[in-house]
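Examining the three-dimensional arrangement
What follows is each chain in one-letter form.
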Amino acid sequence: MDYIVLAVSFLILQASIAESYKYKSLAGSHLEFPSFTPPALETSGMHSRYYVLPLATLDESDQKWTHAFPVDYCDIFAVTVFAEDPNSFTLKFVLPSGAEVSANKVVDEKLGYGSAGLYPCRTFLFDDPVPSVGEWSVTVSNSDSSTYPVTASLIASFYPSDLILQAFVPAENLIAGKSVDIIALLPTLVGLQDTVNSTRSVAAVDDAVTTVYLPDGTEKIIKMERGSGKSLLNIKSGTSASDLYASFEAPIPGIYKNLVQVDGVLSDGVKFIRSLWYVFTVAHRSIELAGDVRGSLRTHEISNRDIIDFDIDVKWDGSQLSYRAFAQVWGRGEKDEEVPVAWMSGLVDVQTRKYCLFNCHYIHMQLDSRWLELANAKPPLTLKSVTLEELKAFITLSKSDRVEVTADDGLMQWSPTSVSEECIEIDWEMKEGYNPYRMKKENITETGKILLLHGYCAGSNAFLLEYFDDYLLFEDYGKNYLHDEYARKAYDFAIENDATSFSVFGHSQGGAVSLHLYTYYQTGLDAAAENGRLVQSIGTPYLGCPLAGLLAFLGDLFGIGCGLNEDLTYDGAERWHSKIPVDKKAEVYYYTTQYPKDAPLLQRFCLLVAQLVLSPDNDGITEVSKGILPGGNLIENTQGECHIGGMQYPSQMNNIDRSKDVNSKAAR
């Protein structure tokens, strides 16, 4: 009886989703195969020029906390205190000489992606004279004993510094029950940040450990070993590296927080220490390719195009319904040789065959037969590089290098016509399947809208609404949605507001969500006029943001913030972006901003504490290098503007001329 109830519930859920969300059946030329290669490991790793001190906890019996650590070569040394009330803490610093020293500058700030989840912090800066090299100590006390016990997290930053710790987690085995590798890289650089000794390098790594915090709260402390032996990293020419690794079995799915710490000695005897927060997701394998693919030919009931249907059998546990799928399609040429035809991709829902007892679950993909015409190919067909990804951090759950397609009689008898390749025009129906919004475009007479999407954890509206015409403002503040979750909410919002034709302007994560919505869903975006910009964005970390690990740790510690968003990490963003087609990215017009490059050093930041973690050139949240969308259209990188209000320079959202320009250029 329980099985019957479960089956009926699933069918109801499946029907409701199928009715609510219309996916695109994406496809493209085989010449684009290389654009879908998995992200290189070295582009998605984290980097650090900071050291995370042990937690400082004060209580009635222990009202002071002292910790000593090495400071190596840098122009600016900073210690940042994160706490519920960082101003209540007093810090005393002692130099290697034994003398006490006061900070040259103290800066109070709040760190976070959006205004709804900000972490208060206080940073103590030492820059004049240049910080002494050697062992420093810091003593922490709290002026308000009535608040005991109290906890503070301290981070020491070395800026600028070429001694940067990097860490990488290969994506191949991010599945519960599999062994996960953590790789750390400490470059043995020639010419570290020092004008006196230009030949200094790393002489030895004394200790390297990684502490893994599992989703259930348990911890694993693992000593890192030398040399992964996997040749996974491409190092810049002219450098060598110390490669450290650790492996552990990830027993359960969820979010894993990982603290890597490495200390050692430079060639001149100076000690150093670096640590790095790294957050990654381990998935539950809810689906697997079963090995069989059934192909059939049909004529579309409206467009009359010949469509090839692929029903791909899967083993499925019912815990998730929707996935992202990808496959290359290959056929046979005139001499029966194997030839590439096209790629196909899109979001898919698991379907169940009626009156079936075994091997009942499958996903459906389709391809316009004109792709075979264009390649002068015919059946039998083969699918290659078939992948199924979950929609949370886009981790590959199942992959098959090659699957032969079992074709029905109609498909096996199909063959290319005598039409020449030059006569086949690649149109939208070939690239995304039949789309009723595209068909409605010519019949829409009213002016379209512009949909405004805010970023992750936004606390309130930041758009200058008075400069936008016929806008739809999406408002769901203080929330943490993954890209696909957010896209579905935007989809629903557009439907509820009868937006039959619209373009999108997104801030921060809202830009990535706009691209996701346009890529995978049939919406009024597809009915907008062709003489304007479909997707516009500002401050969007298309390739991720390195603050995710630190903010996840602080959120656990102090219970504030909106939680981790896996799609905004370097890893998750790179995996998401790796399957976005080039023609969709080409419709994105985006802006980036940053602090003024020519400002004095201590004014060359939007948010000081973020500057000590981010790569140079950033808006306080988004690094300019990670805000670049490969294949998109960068309009301008403006200096002197920051991600949100409350930073050292005005918010990027307060630019009146840009708001007017976005409004006037929007496709309607």
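Values in this document were obtained by computation on a predicted structure and should not be read as measured data.

**Topic: the sheet that holds strand E15 (residues 202-213)**
Strands sit in the order E16-E15-E19-E20 across an open sheet of 4 strands; the sheet is antiparallel. For this open sheet the edge positions go to strand E16 (219-223) and strand E20 (271-282), each flanked by a neighbour on one side alone. Averaged over all pairs of adjacent strands, the angle between their axes in this sheet comes to 20°, without regard to strand direction. Of the pairings in the sheet, the one linking E15 to strand E19 (residues 254-266) comprises 10 bridges and is antiparallel in character. Bridging from a neighbouring strand, Val-202 pairs with Leu-266 of E19. Where helix H9 (residues 548-558) meets the sheet, its contacts fall on E19 and E20, and the angle it forms with E20 comes to roughly 80°.

**Considerations on unusual backbone geometry**
Cis geometry marks the peptide bond from Tyr-159 to Pro-160, where omega comes out at -15°. Along the chain, Pro-379 connects to Pro-380 via a cis peptide bond; the corresponding omega equals 5°. Even without a glycine there, the phi angle at Phe-394 is positive, about 55°. Considering the arrangement of structural elements, one finds Phe-394 in the loop between strand E27 (378-389) and strand E28 (396-407).

**A look at the nonpolar core**
In terms of nonpolar packing, the biggest core is built from 142 residues, with Phe-77, Phe-82, Leu-91, Leu-154, Phe-310 and Leu-367 touching the most fellow members. Among the elements that take part in this core, E20 stands out by supplying 8 residues, more than any other. Once residues lying within four places of it in the same chain are set aside, the contact partners of Phe-310 are Val-293, Arg-294, Val-329, Met-344, Ile-363, His-364, Met-365, Gln-366, Leu-367, Leu-381, Leu-383 and Val-405. Among the nonpolar cores identified, the runner-up in size contains 43 residues, and Tyr-486, Leu-517, Tyr-521 and Ala-667 belong to it.

**Notes on the confidence of the model for the protein**
Model confidence for the protein is summarised by a mean pLDDT of 89, while 91% of its residues fall at 70 or above. Confidence drops under pLDDT 50 across residues 1-18; counting only partners more than four residues distant or on other chains, this segment forms 13 contacts. Every residue in residues 229-241 is under pLDDT 50, and counting partners more than four places away or in other chains gives 20 contacts.

**Quick word on the pairing of strand E32 (residues 535-538)**
Side chains Val-535 and Ser-537 project from E32 onto one buried face, and the interleaved Gln-536 and Ile-538 project onto a second face that is buried too. Relative to E32, strand E31 (residues 502-507) runs parallel, the two being bridged by 4 bridges. By the bridge assignment for E32, Gly-506 is matched with Ser-537. Considered for its hand, the β-α-β crossover made up of E31, helix H8 (residues 509-520) and E32 is right-handed. Pairing between E32 and strand E33 (residues 588-594): 4 bridges, direction parallel.

**So, the sheet that holds strand E7 (residues 89-94)**
Strand order in the open sheet made by the 4 strands is E5-E11-E7-E8, with antiparallel pairing throughout. Of all strands in the sheet, those bounded by a partner on one side alone are strand E5 (64-71) and strand E8 (100-101). With 8 bridges joining them, E5 and strand E11 (residues 134-142) adopt antiparallel strand pairing. In the strand pairing of E11, Trp-65 is matched with Val-140.

**Here we look at the side chain of Thr-211**
Within the fold, Thr-211 resides in strand E15. Given the relative accessible area of 12%, Thr-211 is considered buried. Once residues within four sequence positions are removed from consideration, Thr-211 is found in contact with Glu-219, Lys-220, Ile-221, Lys-257, Asn-258 and Leu-259.

**Some points on the pattern of salt bridges**
Per the stated rule, a full pass over the model turns up 29 salt bridges. The salt bridge partner of Lys-665 is Asp-661, with a shortest N-O separation of 2.9 Å. Of this pair, Lys-665 and Asp-661 both sit in helix H13 (residues 656-665), separated by 4 residues, roughly a single helical turn. For Lys-665, a relative accessible area of 35% gives the class partly exposed.

Rules used throughout
- In this numbering scheme, every chain counts its residues from 1 along its sequence in written order.
- Two thresholds apply to this predicted model, a pLDDT of at least 70 for residue-level local features and 80 or more for giving and counting side-chain atom pairs, whereas whole-chain, interface and lining totals are computed over all residues.
- With hydrogens and water stripped out, all remaining heavy atoms of the structure feed into the side-chain values.
- Strands pair, by our definition, only if DSSP identifies at least two bridges between them.
- Per the convention used, a helix needs a DSSP run of H or I reaching at least four residues, while a strand needs a run of E reaching at least two, with both numbered from the N terminus.
- Whenever a helix is involved, its axis is fitted only over the stretch in contact; in every case the axis is a line through C-alpha atoms, and angles between N-to-C directions fall within 0 to 180 degrees.
- When checking whether two residues touch, look at their non-hydrogen atoms; a contact exists if any pair is within 4.5 Å.
- The criterion is simple. A nonpolar core is a set of buried Ala, Val, Leu, Ile, Met, Phe, Trp, Tyr and Cys residues joined through side-chain atoms within 4.5 Å.
- Burial here depends on accessible area, computed with a 1.4 Å probe over protein chains only, as a share of the maximum for the residue type. Under 20% is buried, over 50% is exposed, and the range in between is partly exposed.
- Each residue carries a pLDDT score, the predictor's own confidence in it, on a scale running from 0 to 100.
- Looking down the strands as they point away from you, a crossover is right-handed if its path from the first strand over the helix to the second goes clockwise.
- The salt bridge definition used is simple: a Lys or Arg side-chain nitrogen within 4 Å of an Asp or Glu carboxyl oxygen.

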